[in-house]
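Okay, here's what each chain looks like letter by letter:
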Amino acid sequence: MNRILTIVGARPQFIKAGVVSKAISARSDLNEIIVHTGQHFDANMSDVFFDQLGIPAPDCQLNIHGGSHGAMTGRMLEKLEEVMLGEKPDRVLVYGDTNSTLAGALAAAKLHIPVAHIEAGLRSFNMNMPEEINRILTDQISDILFCPTDIAVSNLKREGFEDKPVSVVQVGDVMQDSALFFAERAEVPRGVTISEEFIVATLHRAENTDNPERLGSIIKALNDIHGTIAPVVLPLHPRTRNVVKKLGLDLSVQVIDPVGYFEMVWLLSKSGLVLTDSGGVQKEAFFFGKACVTMRDQTEWVELINAGVNELVGADYSSIIDSVKRHYGRVVKDENELYGGGRAASRIANYLSGQ
Ligand code: UDP
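Residues numbered from 1 in each chain as written. Predicted model: local features only at pLDDT ≥ 70, side-chain atom pairs only at ≥ 80, totals over all residues. Heavy atoms only, no water.

**Student:** So what's going on with the sheet that holds strand E7 (residues 167-170)? Which residues, and what values?
**Tutor:** Either a parallel or an antiparallel arrangement is found when strands of a sheet pair, and the pairing is made through backbone hydrogen bonds. Within the open sheet, the 7 strands sit side by side as E3-E2-E1-E4-E5-E6-E7. Their pairing is parallel. The open sheet has two free edges, formed respectively by strand E3 (60-61) and E7, since each of these has just one partner strand. Relative to E3, strand E2 (residues 30-36) runs parallel, the two being bridged by 2 bridges. Directly across from His36, in E3, lies its bridge partner Gln61. Along the sheet, helix H1 (residues 11-25) contacts strand E1 (2-8), E2, strand E4 (91-95) and strand E5 (115-118); its crossing angle with E4, the most-contacted strand, is approximately 140 degrees. (Pairing = 2+ DSSP bridges. Helix = DSSP H or I, 4+ residues; strand = E, 2+ residues; numbered from the N terminus. Contact = heavy atoms within 4.5 Å. Axes fitted to C-alpha atoms, helices over the stretch in contact; angles between N-to-C directions.)

**Student:** Report on the packing of aromatic side chains, specifying residues and quantitative values.
**Tutor:** Both the distance between ring centres and the angle between the ring planes are used here to describe each pair of aromatic rings. Counting across every chain of the model gives 11 aromatic pairs. Plain terms: the ring middles of Phe146 and Tyr351 are 5.7 Å apart, the flat faces sit at 90 degrees to each other, and that makes the pair edge-to-face. Of this pair, Phe146 sits in strand E6 (residues 144-147) while Tyr351 sits in helix H15 (residues 344-353); the two residues are 205 residues apart in sequence, bridging distant segments of the chain. Look at Phe286 and Tyr339: their rings are 6.0 Å apart centre to centre, the planes differ by 70 degrees, and that puts the pair in the edge-to-face class. Of this pair, Phe286 sits in helix H12 (residues 280-287) while Tyr339 sits in the loop between helix H14 (317-327) and H15, and the two are 53 residues apart along the sequence. Accessibility expressed as a relative area gives 4% for Phe286, which makes it buried. Through a chain of ring-to-ring contacts, three or more aromatic side chains come together here, namely Phe181, Phe182, Tyr261 and Phe262. Over the aromatic face of Phe161 sits the side chain of Lys164, whose NZ or CZ is 4.1 Å from the ring centroid. Across from the ring centre of Trp301, 3.8 Å away, lies the NZ or CZ of Lys283, which sits over that ring. (Phe/Tyr/Trp six-rings, centres within 6.5 Å; stacked < 30°, edge-to-face > 60°. Buried < 20%, exposed > 50% of the residue type's maximum accessible area, 1.4 Å probe, protein only. Lys NZ or Arg CZ within 6 Å of the ring centre and 35° of its normal.)

**Student:** Break down the pairing of strand E9 (residues 232-235) for me, citing the residues and quoting the values.
**Tutor:** The alternating pattern of E9 places Val232 and Leu234 and Val233 and Pro235 on opposite faces, both of which are buried. Across 2 bridges, the pairing between strand E8 (residues 199-202) and E9 is parallel. Paired with Val200 across the bridge in E9 is Val233. Of the pairings in the sheet, the one linking E9 to strand E10 (residues 254-256) comprises 3 bridges and is parallel in character.

**Student:** Outline the layout of surface pockets, supporting the account with residue identities and numerical values.
**Tutor:** Considering only enclosed or pocket space, the second largest pocket measures out at about 300 Å³ in volume. The wall of the second largest pocket is formed by 13 residues, among which Arg190, Pro258, Val259, Gly260 and Glu263 lie closest to the centre. When the residues that make up the lining of the second largest pocket are grouped by side-chain class, the tally is 7 nonpolar, 3 polar and 3 charged. (1 Å grid on protein atoms, 1.4 Å probe; cavity = no way out; pocket = protein on both sides within 12 Å on 5 of 7 lines; lining within 4 Å. Points joined across faces, edges and corners; volume = space filled by probe spheres on them. Nonpolar A, V, L, I, M, F, W, Y, C, P; charged D, E, K, R; others polar.)

**Student:** I'd like a description of helix H4 (residues 99-110), backed by residues and values.
**Tutor:** The terminal C-alpha atoms of H4 lie 17 Å apart, and with 12 residues this matches the ideal 16 Å at 1.5 Å per residue to within 8%. Counted residue by residue, H4 has 9 buried out of 12 residues, so it is predominantly covered. Those residues of H4 lying buried are Asn99, Ser100, Thr101, Leu102, Ala103, Gly104, Ala105, Ala107 and Ala108. Looking at the buried side of H4, the elements it contacts are E1, H1, helix H3 (69-87), E4, E5 and helix H5 (130-140). Here H4 starts with a cap whose side-chain oxygen sits 3.2 Å from the backbone nitrogen of Ser100, and that cap is Thr98. (Expected span 1.5 Å × (residues − 1). Polar contact = N/O pair within 3.5 Å; in protein donor to acceptor, adjacent residues only side chain to side chain.)

**Student:** Mind laying out empty space enclosed by the protein, listing which residues take part and the relevant values?
**Tutor:** For the structure on display, the rule yields 1 cavity of 30 Å³ or more. What the largest cavity holds in volume is close to 30 Å³. Taken together, Ile118, Glu119, Phe146, Cys147, Pro148, Val171, Gly172, Asp173 and Val174 make up the full set of residues lining the largest cavity. Grouping the constituent residues of the lining of the largest cavity by class yields 6 nonpolar, 1 polar and 2 charged.

**Student:** Break down the pairing of E4 for me, with residues and values.
**Tutor:** Successive side chains on a regular strand alternate, one facing one side of the sheet and the next facing the other. When you tally the buried positions in E4, you get 5 out of 5 residues, the bulk of the element. Every second residue of E4 is oriented toward a common face, with Arg91, Leu93 and Tyr95 on one face and Val92 and Val94 on the other, all of them buried. Across 4 bridges, E1 lies against E4 in parallel orientation. When the bridges of E4 are listed, Ile7 appears paired with Val94. Inspection of the sheet shows E4 paired to E5 by 4 bridges, in the parallel sense. Within the sheet, the bridge partner assigned to Tyr95 lies in E5 and is Ile118. This β-α-β element, E4 to H4 to E5, shows right-handed connectivity. (Right-handed = clockwise from strand over helix to strand, strands pointing away.)

Structure representation (C-alpha cells):
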C-alpha cells in the first residue's frame, strides 16, 4: 500500500483535490491522508468545497492562518514536519503555489520524503508575486512534477529539469476535470438577482489589493462597466473586502459573499464574460466557453492569450473598459484540448500507483 499524504489549505487547492482524491480512492493500492493547514478557514472559503466536492474530511487540521508570509509558512513547516514524522507517508502530494504548498514540500524534502507537485512548471516570470516564489521553490524539491500544459513542460526544460533525476509528466489540468465533472451541478447563488446577461468578476491578487492605486483604478472600471455595459456580479474575497472597507472605496457592483463551487459554475456558465485576476478562473472561463479579461500584467496560462480567448489588461482603467467592450458576449471553443480534456486526475492516480 502506497501511503500518500496530501496537503491542502487554500480554496483553489480544495477544488483541485476534489477530483484527485476521488481518483486516488478508486485505486486499491493507494491510501490518502489529507492534511488541511488552515490557510483558508471561513466556511465559504473551505468547508463548502469539502461538502460539495465530496472530499473526505481532513485527517488532520492545523488551523494555521494569518500573519506575514514568513510567519505563516514557518508555523506550517514546523507542524507539517511533526505530522509527517507521525504518519510516515511514502509520498507527499502538494498543489499549486500557496504557502501551504511550499511548507508541505519543504517539510517533506528535509525528511527525505518524495514530493509530487500538481501544477508544476507554471511561471509568470514575476518574482514579486508570492505565488511565483512558492512554485519555483516547490518544483526544485519535487521528484514528480505533474505539469498541466506543454508550456509548463517547456518552462521546466528551460530550467534544466531534463538533466535531473526527476519525472516531468504532462497530465493535463485537474481543474478541467473538475469543471466537466461538476458542470451539471450548477446552482444559482443566493442573493443574485440578475436575470439578463452579466459579467462575473473576481478580485483578490495581492498585486491589486495591496496597491491602492491599482485597486482604485480597477474598482472605478468595475463600477463604470456595471453602469454602462452589463451588470457585474462580484463574489468578493475576504482579503479584498477588508481592504475596500479600510480604504473606504465605493464599490457599486453586485457584491456577494464568496460562493461555493457549484454556484461559481453557475456564474461562469451563465455569464457573458469573465473579468478576473485569479489564476484558476482564467481557465474556467475557457472551460465554460467564455472569453476572459485578466486584470494582471502577466499570466501563467499563456496558451489562452496565444489562442486569443484571454486578454491581459493590468489595472489600467481604459484598457479594462476597452477589453470588456470587445470581448463581452463572445463564445469561445476548446478546439485543441489545451488542458488535456478532463483526464488529468486519473493520469495522476495511475502514475502514483506505479511508483
Ligand atoms: N471560486 C469559488 N467561489 C468564489 C470564487 C472562486 O468557488 O467565490 C473558485 C473558482 O471557481 C476557482 C477557484 O475558486 O475554481 C479559484 O480560486 P482563487 O481565484 O481563489 O485562486 P487562484 O486560482 O487565483 O489561485
